[in-house]
Amino acid sequence: MLPILEAHNLVKKFNGFTAVDDVSFAIEEGEMFSLLGPNGAGKTTTIAMLSCLLAPTAGEAVIGGHSVTRDPMAAKKIIGVVPQDIALYEELSALENLHFWGRMYGMGGAALKRRIAEVLEEVGLADKAKQRVKTYSGGMKRRINIAVGLLHRPRLLFMDEPTVGIDPQSRRNILDSVKALNRQGMTVLYTTHYMEEAQELSQRVGIIDHGRLIALGTQQELTQMVGQMDALRLHLPEGQEAGELIAALQALPDMRQVTTADHQIVLIVPDAQEAIPPVFAQADRLGFKIRSVEIEEPNLEAVFLHLTGRALRD
Amino acid sequence: MTKLIAIAWKDLRLIFRDRAALILMLATPFALTLGMGLITGAFSGGGSSIPQLPVVVVNQDGGQLGDALTQLLTSADLDDLLAARVETDETAARSAVESDQVAAAVIVPAGFTDSIIPKDADALSAPAVAIEVVMNPGRPISAGVVRSIVEGFIDQVEAGRVGGQVAIGQLLGSGLIASQEIAQMAQQFGQEQASLAGEPLIRVRRSDVAPEETNDFNPLLLLAPGMALAFLMFTVSLGSRSILVERRDGTLARMLSTATPAGPILVGKIAGVYLVGVAQMFILILASTLLFRLDWGDPLGVIALVLAAVVGAAGWGLLLAAVAKTPNQVANLGMTMMLLFGILGGSFFGGALPEGALGRLAKITPNAWAMAGFTALARGGDLTDIAPDIAALLAMGAALLAISVALFSRKGFLQR
Ligand SMILES: Nc1ncnc2c1ncn2[C@@H]1O[C@H](COP(=O)(O)OP(=O)(O)OP(=O)(O)O)[C@@H](O)[C@H]1O
Ligand SMILES: [Mg+2]
């Protein structure tokens, strides 16, 4: 079977700055594929080229057999785009927005009305559809932003960080709808900088950093890159300066990597069980309290750490 | 084609939901026409000054704005228009209206200032408290005058609040002058008009106008189209500005992602600008016809002239959007254009063009051509009389449109 999307050596330069650097990947029909990368990695720029909004500096992409550079109109018909920045008319109601965007997709009449009712149901906002978008919460706006991208039943849906900056409940709702859409057969290209989302949603993940696709594969394949390592997550009480402890932990034998973020320290070690006693001993010696410890299987966070030496979220 | 209509229709809808825009598009030109008309004596028939209108003011506000409005109504500026007295008792004021002692009562409720200028962030969402104008049904015109003055005041407050161009604080900090400016400006224009009263207000190009007609020519027939045209220039810049707003907000990119080529999108946006301008003109014309009983002249001529005038005006609006980099720049350029063209094209002076070179320069404004057309129609001309004006407006619009589209495509708007 032919992939529904193929990106071949995509490059995008902005005045000499390379935002996307030789990115190649393919997505099979029906697949849910995540592009995982930190801020500024080049996710949005990649999506913009794939949705024919930005001409690649070099390289090519083919969507449903249509080149994005030579036959963009045919390629666009296949895709639905959910942009990272909410693109709606705030002064119009959700219903009016959907109606307008439906007409832009060439729909109309009773078919459009029915479809609007369906997508509103899918994103769970049917009861609030008559309100102006500007009265919505951030999460509701994001859900309407998604609904617009679904109107014309695209075979391939691009979702660019659709959960950024919203409450956990809306986020849950969005992740569940994405999974439901995929189950119904829609192919999804999902970008995120949340490791958990990529982990929950997709079989295959591409990791992008500084414009380069640094890893690509199933989650299993990716975590195997880290080797048989465990991750040990220490939760510290708030307001403690952990620098001293980190230095001490780094000095322990068998310690592969130590990173820290939000009162947490993540240790990569060959065997978590063995590492715990000396870690606690060091904390005790330096007078640090450890609130709790989690042992984690190697995850995408660890993969990113392994490949770049940096945490995904800084 | 349906996409094009969808875009234009959506733009029309968006503008009519924008309160600040509506105030400038519709309320302000209407209020200025009314205010200037009053002072020029357009309503009193013979051109003599109208007697003072009795009005009573009840200020329960206790804030800056309530005081400012009371001051305005009782000020020396409005002395020969209004005989205002200040009351503390609301019921007494209402019964004064009922017993026909006064033409209207203006009641500023408690908390008016606070609802406009919130003391703290929590109060921001508090509903606005409205000023009440109790109108004497027996004296509709006099009461209408009072109401229009209050509306003018509120427009100023709104413009400061919504437009964000003049912070309310500044407005008030400058000694509450701003609220009086409307009246002063109107008076000034009125005096200018009055001093011209001996000679014709405008040189008329048509020779077939009977002299008697010129004599009792209603000055509103010069003021109303002038104001409408001046503010039309604002409207077209606002409409064109939305092209840059859509680019900034990502809705343009989203339209492009729907397999709609850039060409039709741009045409849809241009159609939106045009539609909004036409709607504004017809609303203003209709309102003045109904409320002031103005006779604009041959309906066919008026319709054709409006359609042509908006073509010329839209051309200028699009040009601004095509040269500007940000929506803000378009807004500023649009305001400047409105004032400049309004003055140059005689819109604020009943169509009188400047002398000499400036007068020739005025021919680049849609205002001058359209004003000449409206004047001719009001004096009994028909479609053939205004054909040259219509032709000039259409040619102007076509040329500006071509330049604007070329500029847009050079900026990459028409790529894919
Ligand atoms: N139009 C542009 N001109 C110049 N530089 C740009 C432009 N668009 C993006 N960039 C740069 O390209 C890089 C990649 O940006 P991009 O928006 O694709 O990242 P991203 O992965 O989507 O990040 P985020 O998670 O913040 O959305 C960034 O360094 C950005 O500053
Ligand atoms: Mg992005």
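Along each chain, the written sequence defines residue order, and numbers are assigned to residues from 1. As they are written, the chains are lettered A onward and the ligands numbered 1 onward, keeping that order. It should be noted that, the model being predicted, local features are given only for residues of pLDDT at least 70 and side-chain atom pairs only at 80 or more, the latter also being counted only at that level, while totals for whole chains, interfaces and linings use all residues. Values reported for side chains reflect all heavy atoms of the structure, with hydrogen atoms and water molecules removed beforehand.

Numbering of helices and strands runs from the N terminus; a helix is a DSSP stretch of H or I covering at least four residues, while a strand is a stretch of E covering at least two. Secondary structure assignment for chain A yields 11 helices and 14 strands. Counting only C-alpha atoms and orienting by the principal axes, one finds that chain A spans roughly 75 × 45 × 40 Å. Out of the 314 residues in chain A, the part that is buried amounts to 54%. Note on contacts: a residue pair is in contact if any heavy atoms of the two residues lie within 4.5 Å. Restricting to contacts in chain A with at least 6 residues of sequence separation, those with at least 24 account for 69%. Here chain A displays about 13,800 Å² of accessible surface, and carbon together with sulfur accounts for 49% of that area. In this tally, Asp and Glu contribute negative charge and Lys and Arg positive charge; neither His nor the terminal groups of the chain are included. Each charge is placed at NZ for Lys, CZ for Arg, CG for Asp and CD for Glu. Mean positive and mean negative side-chain charge positions of chain A (32 and 39 charges, respectively) differ by 9 Å. Working definition: with a 1.4 Å probe on protein chains only, accessible area under 20% of the residue-type maximum means buried, over 50% means exposed, and in between means partly exposed. The accessible surface values rely on the Shrake-Rupley method and a 1.4 Å probe; as for residues, cover is taken only from the protein chains in view.

Bringing the overall build of chain B into the picture now. The helix and strand inventory of chain B stands at 17 helices and four strands. Burial statistics for chain B: of 416 residues in total, 51% are counted as buried. Summed over all atoms, the accessible surface of chain B reaches about 17,900 Å², with 62% contributed by carbon and sulfur.

Here we come to the packing of aromatic side chains. What describes a pair of aromatic rings is the distance from one ring centre to the other and the angle between the planes of the rings. Two rings belonging to Phe, Tyr or Trp (six-membered ring only in the last case) form a pair when the distance between their centres is within 6.5 Å. Interplanar angles under 30 degrees mark stacking, angles over 60 mark edge-to-face geometry, and anything in between is tilted. Inspection of every chain in the model, using the stated rule, returns six aromatic pairs over all chains. Arranged with centres 5.0 Å apart and planes meeting at 90 degrees, the rings of W316(B) and F341(B) form a pair that is edge-to-face. Within this pair, whereas W316(B) is found in helix α13 (residues 299–323), its partner F341(B) is found in helix α14 (residues 327–344), the two being separated by 25 residues in sequence. The ring of W101(A) has R254(B) sitting right over it, with the charged end atom 5.7 Å from the ring centre. The criterion is that NZ of a Lys, or CZ of an Arg, lies within 6 Å of the ring centre and within 35 degrees of the ring normal, and then a charge sits over that ring. A cation over a ring is seen here: K363(B) above W369(B), with NZ or CZ 4.6 Å from the ring centre.

Residues and elements named next belong to chain A. Only a single heavy atom is needed: when it lies within 4 Å of a molecule or strand, its residue is near that molecule or strand. Contacts to ligand 1 come from 13 residues, most closely from G40, K43, T44, T45 and E161. In the model, an oxygen atom of ligand 1 is placed 3.1 Å from a nitrogen or oxygen of the A41 main chain. Take Q84: an N or O atom from its side chain is 2.8 Å from an oxygen atom of ligand 1. For ligand 1, the protein covers 62% of the area, taking 640 Å² as the surface of the free molecule. Looking at the shell around ligand 1 element by element, the count peaks at three residues for helix α1 (residues 43–50). The term polar contact refers here to a pair of N or O atoms within 3.5 Å; inside protein, the definition further demands a hydrogen-donor-capable atom paired with an acceptor-capable atom, and it admits residues adjacent in sequence only when both atoms are side-chain atoms.

A separate point is the sheet that holds strand β7 (residues 156–160) of chain A. Residue and element names in this part refer to chain A. Strand pairing is assigned whenever DSSP identifies at least 2 bridges connecting the two strands. The six strands lie next to each other as β6-β7-β8-β3-β9-β10, forming an open sheet whose pairing is mixed. A single partner strand is all that each edge strand has here, and the edge strands are β6 (79–82) and β10 (212–218). Across the sheet, the axes of successive neighbouring strands diverge by a mean angle of 15 degrees, strand direction being ignored. Here β6 pairs with β7 via four bridges, running parallel. Bridged to V81 within β7 is F158. To define axes, lines are fitted to C-alpha atoms, for helices over the stretch in contact only, and angles between the resulting N-to-C directions are given on a 0 to 180 degree scale. The sheet strands contacting helix α5 (residues 138–150) are β6 and β7, and the helix crosses β6 at an angle near 170 degrees. Relative to the sheet, helix α6 (residues 168–183) contacts β3 (32–36), β7 and β8 (187–192), its axis offset from that of β8 by approximately 155 degrees.

Next up on the list: the coordination of the magnesium ion (ligand 2). Residue and element names in this part refer to chain A. The donor set comprises N, O and S atoms within 2.8 Å of the metal, extended to 3.2 Å for Na, K and Ca; water molecules are omitted, so apparent gaps in a site may simply reflect that omission. Protein coordination at the magnesium ion (ligand 2): the donors are T44 (OG1) and Q84 (OE1), at 1.8 to 2.0 Å from the metal. One end of the pair, T44, is in helix α1; the other, Q84, is in the loop between β6 and α3 (94–104), and 40 residues separate them in sequence. T44 gets classed as partly exposed once you look at its relative accessible area, which sits at 37%.

It is worth spelling out empty space enclosed by the protein at this point. All names here are of chain B. Definitions used for this entry: grid spacing 1 Å over protein atoms alone; cavity, a set of points where a 1.4 Å probe fits but cannot get out; pocket, an open set with protein on both sides within 12 Å along at least 5 of 7 lines; lining residue, one with an atom within 4 Å of a point. Grid points are joined across faces, edges and corners, and a volume is the space filled by probe spheres set on the points. Tallied over the entire structure, the rule returns three cavities of 30 Å³ or more. When its volume is computed, the second largest cavity comes out at roughly 60 Å³. Lining of the second largest cavity is provided by P29, F30, T33, A224, M227, A228, L284, S288 and W296. When grouped by side-chain class, the residues that make up the lining of the second largest cavity number seven nonpolar, two polar and no charged. Amino acids outside the nonpolar list (Ala, Val, Leu, Ile, Met, Phe, Trp, Tyr, Cys, Pro) and the charged list (Asp, Glu, Lys, Arg) are all regarded as polar, and Gly is one of them.

Moving on to the nonpolar core. For our purposes a nonpolar core is just a set of buried Ala, Val, Leu, Ile, Met, Phe, Trp, Tyr and Cys residues, chained together by side-chain atoms within 4.5 Å. W101(A), L69(B), L82(B) and F374(B) are the most contacted members of the largest nonpolar core, which has 143 residues in total. Sorting elements by how many residues they give to this core places helix α10 (residues 220–249) of chain B first, with 17 residues. Not counting residues up to four positions away in its chain, the partners in contact with W101(A) are A87(A), L88(A), Y89(A), V148(A), L151(A), T251(B), R254(B), M255(B) and T258(B). Core analysis: the second largest hydrophobic core is formed by 26 residues, I4(A), F25(A), I63(A) and I78(A) among them.

Counting from both sides, the interface comprises 32 residues of chain A and, opposite them, 24 residues of chain B. Summed over both sides, the interface of chain A with chain B buries roughly 2,400 Å², with 63% coming from carbon and sulfur. Note: buried area is the sum, over both parts, of the accessible area (probe 1.4 Å) each one loses when the two are combined. Broken down residue by residue, the surface that chain A buries against chain B is led by Y89(A), R103(A) and M104(A), which jointly contribute 27%. Every case where a carboxyl oxygen of Asp or Glu lies within 4 Å of a side-chain nitrogen of Lys or Arg is listed as a salt bridge. Summed over the shared surface of chain A and chain B, the result is two salt bridges.

Bringing the pattern of salt bridges into the picture now. This structure, assessed with the given rule, holds 27 salt bridges over all chains. Here E118(A) makes a salt bridge to R115(A), at a shortest N to O gap of 2.7 Å. With E118(A) and R115(A) both in helix α4 (residues 109–122) and three residues apart, the pair spans about one turn of that helix. Judged by its relative accessible area of 5%, R115(A) falls in the buried class. Linking E132(B) and R94(B) is a salt bridge whose minimum nitrogen-to-oxygen distance equals 2.8 Å. One end of the pair, E132(B), is in strand β4 (residues 132–135); the other, R94(B), is in helix α4 (residues 90–98), with 38 residues separating them in the sequence. Taking the relative accessible area as the measure of exposure, E132(B) reaches 33% and is therefore partly exposed. Several salt bridges share partner residues, and in doing so they unite R172(A), D176(A), K179(A) and E200(A) into one network.

Attention shifts here to the domain arrangement of chain A. We note that the domain assignment places domain 1 (5–223) and domain 2 (230–297) within chain A. Domain ranges listed in this record stem from an automatic or a database domain assignment. Computed from C-alpha coordinates alone, the two centres of domain 1 of chain A and domain 2 of chain A are separated by 38 Å.

Residue and element names in this part refer to chain A. A helix is expected to span 1.5 Å for every residue after the first. Over its 15 residues, helix α10 (residues 272–286) runs 21 Å from end to end, which matches the ideal 21 Å to within 8%, given 1.5 Å per residue. Where the residues of α10 are buried, they touch β11 (230–235), α9 (243–250), β13 (264–269) and β14 (292–296). The opening residue of α10 is D271, an N-cap whose side-chain oxygen sits 2.9 Å from the backbone nitrogen of Q273. Positive phi appears at G287, one or two residues downstream of α10, with a value of about 75 degrees.

Residue and element names in this part refer to chain A. Among the five residues of β7, five are classified as buried, and the element is accordingly described as predominantly covered. Of the two faces of β7, the one lined by L156, F158 and D160 and the one lined by L157 and M159 are each fully buried. Looking at chain direction, β7 and β8 are connected through five bridges and run parallel. When the bridges of β8 are listed, D160 appears paired with T191.

All names here are of chain A. In the Ramachandran plot, N15 falls in the positive-phi region, its phi being about 45 degrees despite a non-glycine side chain. Taking relative accessible area as the criterion, N15 reaches 84% and is therefore assigned exposed. Phi at R153 is positive, roughly 45 degrees, even though this residue is not glycine. Looking at the element boundaries, R153 is found in the loop between α5 and β7.

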